Amino acid sequence: MAGVYLSYPFCRQKCTFCNFASGVMPASLEDGYHRALFEEVSRFGWPWIPETVYWGGGTPGNLDPEVLTSVMRLIPGKPWVEATIEVAPGGVAREKLRAWRAAGINRISFGVQSFAARELRASGRRHTAATVAEEIALAREEGIANFNIDLIAGLAFQTPRSLAESLDWVERLEPPHVSVYMFEIDTDSRLGNEISSGGARYGANQVPPEDLTAELYLTAVKRLEAMGIARYEISNFARPGFESRHNLKYWRLEPYAGFGSDAHSFDGSLRRRNVETAAEYVAAWQDRATALLEETPAKRDEERLFLGLRQMAGIRLSQAEWTRWSAPLARYFNEGLLARDGEVLRLTDRGVLLSNEVFQEFLAE
Amino acid sequence: MDPAFIRNFSIIAHIDHGKSTLADRLLEATGALSQREMMEQVLDSMDLERERGITIKAHAVRLNYQAGDGQLYQLNLIDTPGHVDFSYEVSRSLQACEGALLVIDASQGVEAQTLANTYLALHHNLEIIPVINKIDLPSAEPERIREQIEQVIGLPADEAILASAKSGLGVHEVLEAIVKTVPPPKGSPDAPLRALIFDSWFDPYRGVIILCRVMEGRIRKGQKIRLWSNGKAFEVEGLGYQSPKAIPCGELSAGEVGFLHANIKTVSDARIGDTITDVENPADEPLPGFEAIKPMVFAGLYPVESSEHGLLRDALEKLRLNDSAFSFEPENSVALGFGFRCGFLGLLHLEIVQERLEREFEIDLITTAPGVRYRITRLGGEVIEVDNPTRFPDPAEIRQIEEPIIEATVITREEYLGEILKLLEEKRGEQKKFEYIGTGRVLLTYSLPLNEIVLDFYDRLKSASRGYASLDYHLAGYRVSPMVKLDVLVAGEPVDALSIIVHKDFAYERGKALIERLRKLIPRQMFEVALQAAIGNKVIARENIPAMRKNVLAKCYGGDISRKRKLLEKQKEGKRRMKRVGRVEIPQEAFLSVLRVSGDSGQ
């Protein structure tokens, strides 16, 4: 079954940890973006009826509900099994919720990142824990009870104690789904850049060392499992039956169509990628009525492993695969990073934290 | 040409004091090159030289100068290399001259290497013409520099020329001073031929090209010549001079400088410092000062990709054609596979070869720690020479180990003496001479183990003296020393390519520093890795690299598969460039880390 991804890269502020091509951009660009997005979706010849829709960002929660509705009208398959919108806490209101629901939205992903005031401040976020609680209650009242809370392990000023505070909030709010990411130091984010250059802005000198970040993540895994929110993918946790249907498509090599800047598509054999920034997207659409940046054939035999194994349930290998990858498999069984249950191959708990080491082996030379 | 109208000179200058620019101006002023051709400084021809600001190969350029006295003069500018590794070449180039321009930056003043080369020039009885350069800079203090020249170098400086090579100021005065001050060459064109080889290189079309200074007699095309050191005879196929382009001529006579080719197949047949004479009418004795230059520092060079072994061998053969001071032979290492044991004049020479291999031949290299050649007497009395730690015999079979000793001359200023003496002591030096040479200057002669020089001595000396110490050395025999082989074990396995030979008193300290360094260079692995330094079975230092805690992509938008793939590919490529020893991936730099274990870096 297939999914639709819609990218809305605009934000009220750029978070210090963010390394996406999103952020604060001029309002004039936004109008052009709406038009281009509308056109891109309307020109798509649907080879399938999608079962999921996902508005990612950026902060699509800030998108004018009328624009959102007009775009969603172009997508066949309503009511979708799962239609998610990513929001930043502080951006949810009753009218919006009603409009979203009418447009077909039935799931909200709250970009909370942390409930600890100090961590939020250093990240450039303006909400408080109370805002999150209020907005979740409001969503429930308006009939959207399926939601996700995003958390980040390894934020500046985070300690085991402050993370526990965030997890206490999670416990009280009883989300059906939680994502836990780990902050990565790269020069694409302001914070990562500051750390790399040895500075102290954004709490750069207060970012937990890598080993502690790993510990914090493991703490979260344990707490969430105790709440009945089990890890089903490296960064994703859900109560039974509430796994994100949309995100699973990525790991299972199911098709999806992405629209907007930096959106990616997969039709089962080709992987396509749109231009990265909103400005490029608008310009590309005006110039040549396409935003396609590159198109590469998928290598399913490799992707199956390095994507499929992200799922805790693992993947079923064919006899040919067991043979083809026998050398790296033997090595990682030996290192305790992979485990085999019958014909199913999966990462061990230890293997999750070192999964890139394992995945590299499944790339052909 | 009548020797009375010939002047042979070189330029002595510290890096960046304007040697190349002044040379360019002289060429320009004498019409050897047009302004347009001056776009690039012509004397330093290799990229590498330009980047490092040093001249590796000597060149000789002939300038025709119409002097103020109305006469046409032939001025030969002989360029010299400027590093201690090449001091023999410098001295041969100076031997080809009667005078030298001493170029000193009007703000920076006299630097130590300048001093050393000036003494070398004085030793060869060269007439020195001080030139104070860059006098148009706001920071220029020509009067202070003039004083410095008199006090520090001990040369009269009242007639020092004030110049700005950049703007061309003083260039005419320099040319006139060369004509007036530098003595004409002495030898007679009618005496039996004696010519000094001061450079040679391999040309793919003509074989070896020799740069020489005819001291006495003449060389003509078709003449049969003999090279003194090896007795080999060749027939001169062509000769000429650089102006700076090669210009053929029919004859080079006493006093002149030029090149010749004689179908010589390898540069090792045309050694620097050797004497060329005539087969029919030979001279009675060779020119003084010839030494067969031998590699003194040895290191293993290995391709990162074992499939590039053949490529590396071809590249080494090509380099060897042009560089007789460099040697290589195959060796293999358990850790690194097949490679070559290479011999060099010194560390700079090693770095140059290494860079050329990587740059010109595009071979990724792993270089092992440089060392020297030891003379080992076995219990049975058999004497072997070993320059590779992995070939060191079992200590139980060794009667004695002798290490090469050099005699080093250091010239410095009094205020740096304390630091320098401390350094020399630390490096196991023995003082031979301590001499005051003029105001505040000291000349030290020490005998030092070469082993201590190859690591970081030159850099430490520079920092101990703020660049105000010169170093000049030559091999002076062997000395019995208690040397031991220090092994490095990674995750319990000895890594042969990391073994070094070290004096037993330094073994603990060096082992500790080395392990410490490796701990930082070897990335965390999926398991804890023990690093140990050991002598025989005795572990003298130990460190642990904790296991890698995480390497996971737990943050990104799911749909972007190419980004995930790229990250994995990048990590995989990084590993491919490492050497896997047992279960551990060791990066290239680790094998050179031994170089950087003491003092304050060896950049």
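Heads up: these notes are all about the structure in this document.

Analysis parameters
Residues numbered from 1 in each chain as written. Chains lettered and ligands numbered in written order. Predicted model: local features only at pLDDT ≥ 70, side-chain atom pairs only at ≥ 80, totals over all residues. Heavy atoms only, no water. Helix = DSSP H or I, 4+ residues; strand = E, 2+ residues; numbered from the N terminus. Buried < 20%, exposed > 50% of the residue type's maximum accessible area, 1.4 Å probe, protein only. Contact = heavy atoms within 4.5 Å. Axes fitted to C-alpha atoms, helices over the stretch in contact; angles between N-to-C directions. Parallel < 35°, antiparallel > 145°, perpendicular 65-115°, else oblique. Left-handed = near helix turned anticlockwise from the far one by under 90°. Nonpolar A, V, L, I, M, F, W, Y, C, P; charged D, E, K, R; others polar. Buried area = accessible area lost by both parts, 1.4 Å probe. Salt bridge = Lys/Arg side-chain N within 4 Å of Asp/Glu carboxyl O. Polar contact = N/O pair within 3.5 Å; in protein donor to acceptor, adjacent residues only side chain to side chain. Pairing = 2+ DSSP bridges. Core = buried A, V, L, I, M, F, W, Y, C linked by side-chain atoms within 4.5 Å. Domains from an automatic or database assignment. Phe/Tyr/Trp six-rings, centres within 6.5 Å; stacked < 30°, edge-to-face > 60°. Lys NZ or Arg CZ within 6 Å of the ring centre and 35° of its normal. Patch = residues over 30% accessible without salt bridge, like charges linked within 9 Å, V, L, I, M, F, W, Y side chains within 5 Å. Areas by Shrake-Rupley, 256 points an atom, 1.4 Å probe, with all protein chains shown as cover. Lys, Arg positive; Asp, Glu negative; His and termini not counted. Charge placed at Lys NZ, Arg CZ, Asp CG, Glu CD. Disulfide = S-S within 2.5 Å. Bend = angle between axes of the 7 residues up to and from the residue.

## Focus on the overall build of chain B
Across its full length, chain B holds 13 helices and 33 strands. Residue burial in chain B is summarised as follows: out of 603 residues, 57% are buried. Long-range pairs, those at least 24 residues apart, make up 70% of the contacts in chain B between residues at least 6 apart in sequence.

## Description of the packing of helix 1 (residues 27-43) of chain A against helix 10 (residues 278-288) of chain A
All names here are of chain A. For the pair helix 1 and helix 10, interaxial distance at closest approach is 9 Å and the crossing angle is 55°. Looking at the two axes, helix 1 sits oblique to helix 10. Read as a crossing pair, helix 1 and helix 10 show a hand that is left-handed. In contact with Leu 29, Gly 32, Tyr 33, Ala 36, Leu 37, Glu 39, Glu 40 and Arg 43 of helix 1, helix 10 contributes Ala 278, Ala 279, Tyr 281, Val 282 and Trp 285. Here the contact of helix 1 with helix 10 is built from residues that sort into nine nonpolar, one polar and three charged.

## Some thoughts on the interface of chain A and chain B
Think of interface size as the accessible area that goes away when the parts come together; that is how it is often given. On the side of chain B, 30 residues touch chain A, which itself brings 50 residues to the contact. Together chain A and chain B conceal approximately 3700 Å² of surface at their shared face, both sides included; 51% is due to carbon and sulfur atoms. Here Glu303(A) and Arg565(B) are joined by a salt bridge, their closest N and O atoms 4.0 Å apart. Run the count over chain A and chain B and you get 18 residue pairs in polar contact (both at pLDDT 80 or more). Elements that contribute at least two residues to the side of chain A that touches chain B include exactly strand 6 (177-182), helix 8 (210-226), helix 9 (245-252), strand 11 (270-274), helix 11 (300-308), helix 13 (326-335), helix 14 (349-353) and helix 15 (355-360) of chain A. Per-element tally for the side of chain A that touches chain B: the top contributor is helix 8 of chain A, with six residues. Taken together, the residues that form the side of chain A that touches chain B break down as 24 nonpolar, seven polar and 19 charged.

## Focus on the sheet that holds strand 3 (residues 72-78) of chain B
All names here are of chain B. Reading across the sheet, the six strands line up as 2-3-1-4-5-6 and stay open at both edges, with mixed pairing between neighbours. The open sheet has two free edges, formed respectively by strand 2 (60-66) and strand 6 (161-162), since each of these has just one partner strand. Bridge count for strand 1 (residues 6-13) against strand 4 (residues 99-105) is five bridges, and the pairing is parallel. Among the inter-strand pairings, Ile 12 is bridged to a residue of strand 4, identified as Leu 102.

## Things to note about the sheet that holds strand 14 (residues 338-341) of chain A
Residues and elements named next belong to chain A. Strand order in the open sheet formed by three strands is 13-15-14, and the pairing between neighbours is antiparallel. Of all the strands in the sheet, just strand 13 (315-316) and strand 14 have a single pairing partner and so form its edges. Sheet topology places strand 14 next to strand 15 (residues 344-347); four bridges connect them, and they run antiparallel. From the neighbouring strand, Ala 339 faces strand 15, where its bridge partner is Arg 346.

## Some remarks on the nonpolar core
Core analysis: the largest hydrophobic core is formed by 140 residues, its most contacted members being Trp55(A), Ile108(A) and Tyr217(A). With six residues, helix 8 of chain A is the largest single contributor of residues to this core. Split by domain, this core shows at least three residues from each of two domains, domain 1 (3-251) and domain 2 (300-364) of chain A. Contacts of Ile108(A), omitting those with residues within four sequence positions, involve Thr84(A), Ile85(A), Val87(A), Leu97(A), Trp100(A), Ala139(A), Ile144(A), Asn146(A), Phe147(A) and Asn148(A). Counting residues in each nonpolar core, the second largest holds 74 residues, with Ala96(B), Ile132(B), Ile149(B) and Ile501(B) among its members.

## Considerations on the side chain of Thr213(A)
Relative to the helices and strands, Thr213(A) resides in helix 8. Residues within four places of Thr213(A) in sequence aside, it is in contact with Ala153(A), Gly154(A), Met182(A), Pro208(A) and Lys550(B).

## Quick notes on the packing of aromatic side chains
Applying the stated criterion across every chain yields a total of 21 aromatic pairs over all chains. Ring geometry for Trp46(A) against Trp48(A): centres 6.0 Å apart, planes inclined by 65°, an arrangement best described as edge-to-face. A relative accessible area of 23% means that Trp46(A) is categorised as partly exposed. For the pair Phe5(B) and Tyr73(B), a centre-to-centre distance of 5.5 Å together with 70° between the ring planes defines the contact as edge-to-face. Here the residue Phe5(B) occupies a position in the segment before strand 1, and Tyr73(B) occupies one in strand 3, the gap between them amounting to 68 residues. Residue class for Tyr73(B) comes out buried when judged on its relative accessible area of 5%. Among the aromatic side chains, those forming a connected cluster through ring pairs are Tyr8(A), Phe10(A), Tyr33(A) and Tyr281(A). Positioned above the aromatic ring of Trp322(A), the side-chain terminus of Arg340(A) is 3.6 Å from the ring centre. The side chain of Arg583(B) reaches across the aromatic face of Phe527(B), ending 3.8 Å from its centre.

## Digging into the pairing of strand 1 of chain B
Residues and elements named next belong to chain B. Here strand 1 lies mainly inside the structure; seven of its eight residues are buried. When strand 1 meets strand 3, the two strands line up parallel, connected through five bridges. Looking across to strand 3, one finds that Arg 7 is bridged to Leu 75.

## Observations concerning the packing of helix 2 (residues 65-72) of chain A against helix 3 (residues 94-103) of chain A
All names here are of chain A. As a packed pair, helix 2 and helix 3 sit with axes 9 Å apart at the nearest point and diverge in direction by 5°. Of the possible angle classes, the one that applies to helix 2 and helix 3 is roughly parallel. Along its contact with helix 2, which presents Pro 65, Leu 68, Thr 69 and Met 72, the element helix 3 presents Lys 96, Ala 99, Trp 100 and Ala 103. Among the residues making up the contact of helix 2 with helix 3, the classes are represented as six nonpolar, one polar and one charged.

## Describing the environment of Gly3(A)
Residue and element names in this part refer to chain A. Along the chain, the position of Gly 3 falls in strand 1 (residues 3-8). The buried category is assigned to Gly 3, whose relative accessible area is 0%. Here the alpha-carbon distance between Gly 3 and Ser 265, two residues 262 residues apart in the chain, equals 9.6 Å. Not counting chain neighbours up to four residues away, the residues in contact with Gly 3 comprise Trp 48, Pro 50, Thr 52, His 246, Lys 249, Pro 255, Tyr 256 and Ala 257.

## Remarks on unusual backbone geometry
All names here are of chain A. In this chain, Gly 57 is followed by Gly 58 through a cis amide linkage whose omega measures 10°. Here Gly 58 shows up in the loop between strand 2 (52-57) and helix 2. A cis amide bond links Lys 78 with the next residue in sequence, Pro 79, at an omega value of 0°. Turning to its location among the elements, Pro 79 is positioned in the loop between helix 2 and strand 3 (82-87). Unlike most non-glycine residues, Gln 113 shows phi in positive territory, near 70°.

## Re helix 1 (residues 19-29) of chain B
Residues and elements named next belong to chain B. Judged by how many residues are buried, helix 1 sits mostly within the fold: eight of 11 residues are covered. If you check which residues of helix 1 are buried, you get Lys 19, Ser 20, Leu 22, Ala 23, Asp 24, Arg 25, Leu 26 and Leu 27. Structurally, helix 1 contributes buried residues whose contacts are with strand 1, strand 2, strand 3, strand 4 and helix 6 (171-181). One or two steps after helix 1, the chain reaches Gly 31, where phi turns positive at roughly 75°.

## As for the side chain of Gln113(A)
Residue and element names in this part refer to chain A. Residue position: Gln 113 is located in strand 4 (residues 107-113). For Gln 113, a relative accessible area of 10% gives the class buried. Filtering out sequence-adjacent residues up to four positions away, Gln 113 remains in contact with Phe 17, Arg 125, Asp 150, Leu 151, Ile 152 and Leu 155.

## A word on a negative patch on the surface
On the surface, Glu147(B), Glu150(B), Asp158(B) and Glu159(B) cluster together into a negatively charged patch. Relative accessible area serves as the criterion here: at 70%, Glu159(B) is assigned to the exposed category.

## Looking at the state of the cysteines
In this structure the tally under the stated criterion is zero disulfides over all chains. Cysteine Cys15(A) is unpaired, with the sulfur of Cys18(A) as its nearest cysteine sulfur at 6.3 Å.

## Thoughts on the pairing of strand 31 (residues 538-545) of chain B
Strand residues, when the strand is regular, have side chains that alternate between the two faces of the sheet. All names here are of chain B. Both strand 30 (residues 529-535) and strand 31 contribute to a ladder of seven bridges, which runs antiparallel. From the neighbouring strand, Ala 533 faces strand 31, where its bridge partner is Ala 541. Counted between consecutive antiparallel strands, the loop separating strand 30 from strand 31 contains two residues, among which Gly 536 sits at a positive phi close to 60°.

## Things to note about helix 10 (residues 450-464) of chain B
Residues and elements named next belong to chain B. Of all the bends in helix 10, the largest measures some 70° and sits at Asp 456. For helix 10, a buried count of 13 out of 15 residues is recorded, marking the element as mostly surrounded by other parts of the structure. Remark: Arg 466 follows helix 10 within two positions and exhibits a positive phi of approximately 50°.

In short, geometric facts, not functional conclusions.
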